[in-house]
Amino acid sequence: MYKVAVIGWGNVGYHLSLELSRQGIQTFVVCRNYHRKTNASGAEKNLHLVNSIAELPNDIETVFLTVKDDQIAAAATKLPEKMVQNACVSHSSGVLPANHLKGVVPNYGIFYPLNSFSRDQDFNWAGVPVFIESGQERVSRFLHKVAEEAGARPVKNDDLIREHLHLAAVFANNFTNHLMALVSDMLKKRGIPFDYLHPLIQTTVEKVLRMDPAKAQTGPAIRGDKATLQKHLSNLEDEDLKTLYRQLSRSIQKLSTDESDKEL
Ligand SMILES: NC(=O)c1ccc[n+]([C@@H]2O[C@H](COP(=O)([O-])OP(=O)(O)OC[C@H]3O[C@@H](n4cnc5c(N)ncnc54)[C@H](OP(=O)(O)O)[C@@H]3O)[C@@H](O)[C@H]2O)c1
């Protein structure tokens, strides 16, 4: 049976290890202080949870390093010599090159799923692009199969495309999510439930999946409703939020003007 190790039981490591184990792959997880975080239950019971790299068997065939970007190389140097001679060591970073571990381990690769993982939220792999590369053909095939069996979309890695997509993902997910966190906080302070916005948020996502996002834009900035813009600004007490409101409104107007110019 194929044996793998997942180093780091955070957002990605948690969901990846559960999926590997669901596929019947013998999965060892190095999870510092796992007793503190959780008592293994349900699907986690099929994982081999260990506290340190020293507890891993030597015949691991693929190592998934799912630690933070700036800890990847350091974690790779801690792997035992016998393991790195036999196993492919892959990272899951969106920005680091596929050969980030060149010179650190002989066989390296990448397994980067382009999505947002949260440990406490079920993860749906369906259609998720997974950028894959390994110097070993056998390991490449294995990683593709893992992605396929998860229902994801394996993609041959291209560092430049992945880097641009990672930047785009920061805007599409991280910044959008941050705006939701800000409005949730703003409403909470006024005692207004955030769930009044749920249907609007749903519509926003459904529209951009169906049509050109620039054409889906509505609101006072694109209409040029100056009095409404001024009223919103006067309702905001926080100077940083006023700045953010002005910058985003200007960006909406600029894109709209650029789009109209293109159509002329
Ligand atoms: N989160 C996402 O949505 C996402 C999506 C795609 C790709 N990625 C990539 O996936 C990687 C992991 O991201 P993440 O969000 O899952 O990070 P994370 O939630 O911070 O998890 C990292 C985990 O690694 C553990 N760790 C660090 N050094 C370790 C070591 N030497 N031995 C064992 N465990 C160690 C940490 O344990 P402690 O808590 O004890 O420090 C933590 O549990 C990053 O390269 C990231 O760019 C993330």
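Residues numbered from 1 in each chain as written. Predicted model: local features only at pLDDT ≥ 70, side-chain atom pairs only at ≥ 80, totals over all residues. Heavy atoms only, no water.

### Regarding the site of the ligand
The ligand sits among 22 residues. The nearest are Asn11, Val12, Arg32, Asp69 and Phe117. One of the side-chain nitrogen or oxygen atoms of Lys68 is found 3.2 Å away from an oxygen atom of the ligand. Phe117 has a polar backbone atom sitting 2.8 Å from an oxygen atom of the ligand. Of all the secondary structure elements, the ones that give two or more residues to the shell around the ligand are α1 (11-22) and β6 (108-113). Class assignment for the residues of the shell around the ligand results in nine nonpolar, nine polar and four charged. (Near = heavy atom within 4 Å. Polar contact = N/O pair within 3.5 Å; in protein donor to acceptor, adjacent residues only side chain to side chain. Helix = DSSP H or I, 4+ residues; strand = E, 2+ residues; numbered from the N terminus. Nonpolar A, V, L, I, M, F, W, Y, C, P; charged D, E, K, R; others polar.)

### Considering helix α11 (residues 239-263)
In this model, α11 (25 residues) spans 36 Å end to end at C-alpha, consistent with the 36 Å of a helix rising 1.5 Å per residue. The backbone nitrogen of Asp240 has a side-chain oxygen 2.7 Å away, supplied by the residue at the start of α11, namely Asp238. (Expected span 1.5 Å × (residues − 1).)

### Some thoughts on the pairing of strand β2 (residues 26-30)
Burial within β2 is extensive, with four of its five residues counted as buried. Regarding the hand of the β-α-β motif, the stretch spanning strand β1 (residues 3-7), α1 and β2 is right-handed. Summarising the sheet, β2 and strand β3 (residues 48-50) pair through three bridges and their orientation is parallel. Along β3, the bridge assignment pairs Val29 with Leu49. (Buried < 20%, exposed > 50% of the residue type's maximum accessible area, 1.4 Å probe, protein only. Right-handed = clockwise from strand over helix to strand, strands pointing away. Pairing = 2+ DSSP bridges.)

### Points about a nonpolar patch on the surface
A contiguous nonpolar surface patch, about 320 Å² in accessible area, is contributed by Leu167, Phe171 and Phe175. Relative to the helices and strands, Phe175 resides in helix α6 (residues 159-189). (Patch = residues over 30% accessible without salt bridge, like charges linked within 9 Å, V, L, I, M, F, W, Y side chains within 5 Å. Areas by Shrake-Rupley, 256 points an atom, 1.4 Å probe, with all protein chains shown as cover. Salt bridge = Lys/Arg side-chain N within 4 Å of Asp/Glu carboxyl O.)

### Considerations on the pairing of β1
Of all five residues making up β1, five are buried, and the element is well covered by its neighbours. Going residue by residue along β1, you find Lys3, Ala5 and Ile7 tucked away on one face and Val4 and Val6 tucked away on the opposite face as well. In the sheet, β1 pairs with β2 via five bridges, with the strands oriented parallel. Bridging across to β2, Ala5 finds its partner in Phe28.

### Overview of the domain arrangement of the protein chain
Here the protein chain is described as being made up of domain 1 (3-157) and domain 2 (162-263). Put simply, the middle of domain 1 and the middle of domain 2, counted by C-alpha atoms, are 35 Å apart. Residue-level contacts link 12 residues of domain 1 with six residues of domain 2. Summing both partners gives a buried area of about 690 Å² for domain 1 against domain 2, and 59% of it is carried by carbon and sulfur. Looking only at domain 1, the three residues that lose the most surface to domain 2 are Gly94, Val95 and Leu114, adding up to 52% of its buried area. The interface formed by domain 1 and domain 2 includes four residue pairs in polar contact (both at pLDDT 80 or more). The residue makeup of the side of domain 1 that touches domain 2, split by class, is eight nonpolar, four polar and no charged. (Domains from an automatic or database assignment. Contact = heavy atoms within 4.5 Å. Buried area = accessible area lost by both parts, 1.4 Å probe.)

### What to know about the environment of Phe131
Tracing the chain through its elements places Phe131 in strand β7 (residues 129-134). It is 6.2 Å that separates the C-alpha atoms of Phe131 and Pro154, two residues lying 23 residues apart in sequence. Not counting chain neighbours up to four residues away, the residues in contact with Phe131 comprise Ile110, Phe111, Tyr112, Leu114, Val155, Lys156, Asn157, Asp158, Ile161, Arg162 and Leu165.

### Some points on the sheet that holds strand β5 (residues 88-91)
The sheet built from eight strands is open, its strands ordered β3-β2-β1-β4-β5-β6-β7-β8 with mixed pairing. Each end of this open sheet is capped by a strand with a single partner; those strands are β3 and β8 (153-156). Mean inter-strand twist for the sheet, computed between neighbouring axes without regard to direction, equals 25 degrees. Two strands pair when backbone bridges link them, and β5 and β6 are joined in this way by three bridges, in the parallel orientation. For Val89, the partnering residue across the bridge sits in β6 and is Tyr108. (Axes fitted to C-alpha atoms, helices over the stretch in contact; angles between N-to-C directions.)

### Here's the deal with helix α5 (residues 137-149)
The terminal C-alpha atoms of α5 lie 18 Å apart, and with 13 residues this matches the ideal 18 Å at 1.5 Å per residue to within 8%. Listing the buried residues of α5 in full gives Val139, Ser140, Phe142, Leu143, Val146 and Ala147. For α5, the angular spread of the buried residues around the axis is 165 degrees, confining them to a single face. When the buried face of α5 is taken as reference, the exposed residues oriented beyond 90 degrees from it are Glu137, Arg141 and Glu148. After α5 finishes, the residue Gly151 shows a positive phi value of roughly 90 degrees. (Arc of directions from axis to C-beta.)

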